[in-house]
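Structural overview
Take a look at the letters that make up each chain.
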Amino acid sequence: MLLKAGGVKEWKELACRLPWLASLTIQLCRDPEALETLSSLKELRRLEIRQCCCPSLMASLKSLGKLTHISLCEVAPRTDIINGVSQLTNLTSLHYHERNKILPRASLHSILLRLPNLKHLSLKMEANQIPLPTDYFCPAEANHISGEPLCGALGLTSLELLNYMDPVLSPVALQGIPSLRSLTVQYSDWVKDSRPCHLKTWLLTLPLLSELSISMGFQLGDYANSMPGTVQNLSLKGVVAELKALREMAQQVPNLFCLHLDLCWHERSSFVAVVPQLFPKLQGLKIRHINVPEMEFLQLAQMSHLKRLVVLDPPSLSSISVLRDLIHKLNIQTNYRVYVNYSSQPKDHNACLCAYHL
């Protein structure tokens, strides 16, 4: 349920009529008294708060012990929020997205140490932030040895870094969470200078990584050879790439099953034609069809394991008939084995849009 700019009356009615509510999204609420009613919804499992002023949030959160997911996007005040979130010991997922400010090291450590069940963490970074301490993700107390880096003590399996740019985090920043199975790095821009690529080093320290999503940032060639062989689900959005780098990456991920390929491609030929040879085990593929010759697009029919194809660029009125004809030809060649649709929008319209700038 989405509640937008509700007052005390609406909040009390909500708590009275839907005391069993399990999921709630709150947006643009500036009434502290209204938010106090939140404590009446004791069955909440999922809570998302966006663009709200919540001076009494800590008191309300104390009553929401069943929460497993909380998303905080541009919510104030920070101190009250952090203290409240740290008490939700059943949390498995936390999204903390503050505009132009990064979660301080001490605050993050407090959260990590007090939430033993936390598996997924999403942080909005500050691209122009001075470099953070090397142990930003490594609260020393969690390893019981003061001054030593954390080695697998945290249970995080999924990390999302939004609005990121090197060198905010150090090359060894992720050494303390080798348990990661999913990593998302959404850069705030393309890297146009010669700064070192910290992602290249991060990937070498994640032996269990199976899902990787990269948006913009460095050219693919800067980290293609560091891609862990354990990756099975890969997303590259707005990444500058050349055929050589794509081939190098393919050699690193022989068991890739799902691929979202939305590259900044400047070579004369399309990369779509080489996808069947480079990634023969693909079961799911997301690509754009604009400027892809029909013959190259139909070569996707060679992929015997392909089950789902998503065309990312929504068709215009002038191209819809062409795309439908193309999909029909592909269906004929694959005997309708591949489910094809086109979509470029996030499915969950209530979700925070911080991660959807591309």
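Higher on the page you've got the structure.
Residues numbered from 1 in each chain as written. Predicted model: local features only at pLDDT ≥ 70, side-chain atom pairs only at ≥ 80, totals over all residues. Heavy atoms only, no water.

For the structure on display, the rule yields 11 salt bridges. Taking the shortest distance from any N to any O, the salt bridge between Asp-189 and Lys-192 comes out at 3.5 Å. On the accessibility criterion, Asp-189 (33% relative accessible area) is partly exposed. Look at Lys-192 and you get exposed, because its relative accessible area is 68%. Among the ionic pairs, Arg-288 bridges to Asp-262, the shortest N-O distance being 2.8 Å. Residue Arg-288 is found in the loop between strand 12 (284–287) and helix 9 (294–298), and its partner Asp-262 is found in strand 11 (residues 258–265); the two are separated by 26 residues along the sequence. Accessibility expressed as a relative area gives 35% for Arg-288, which makes it partly exposed. Given the relative accessible area of 16%, Asp-262 is considered buried. Counted as one network, the salt bridges with shared partners bring together Glu-43, Arg-45 and Lys-66. (Salt bridge = Lys/Arg side-chain N within 4 Å of Asp/Glu carboxyl O. Buried < 20%, exposed > 50% of the residue type's maximum accessible area, 1.4 Å probe, protein only. Helix = DSSP H or I, 4+ residues; strand = E, 2+ residues; numbered from the N terminus.)

What follows covers the pairing of strand 6 (residues 120–124). The buried count for strand 6 comes to 5 of 5 residues, which makes it a mostly enclosed element. Residues of strand 6 alternate between two faces, with His-120, Ser-122 and Lys-124 on one and Leu-121 and Leu-123 on the opposite face, all of them buried. Relative to strand 6, strand 5 (residues 93–97) is paired through 4 bridges, and the arrangement is parallel. Directly across from Ser-93, in strand 6, lies its bridge partner His-120. Each parallel crossover has a hand, and for strand 5 linked through helix 5 (residues 105–114) to strand 6 it is right-handed. Where strand 6 and strand 7 (residues 158–164) come together, 5 bridges link them in parallel fashion. Following the sheet pairing, Lys-124 is matched in strand 7 by Leu-162. (Pairing = 2+ DSSP bridges. Right-handed = clockwise from strand over helix to strand, strands pointing away.)

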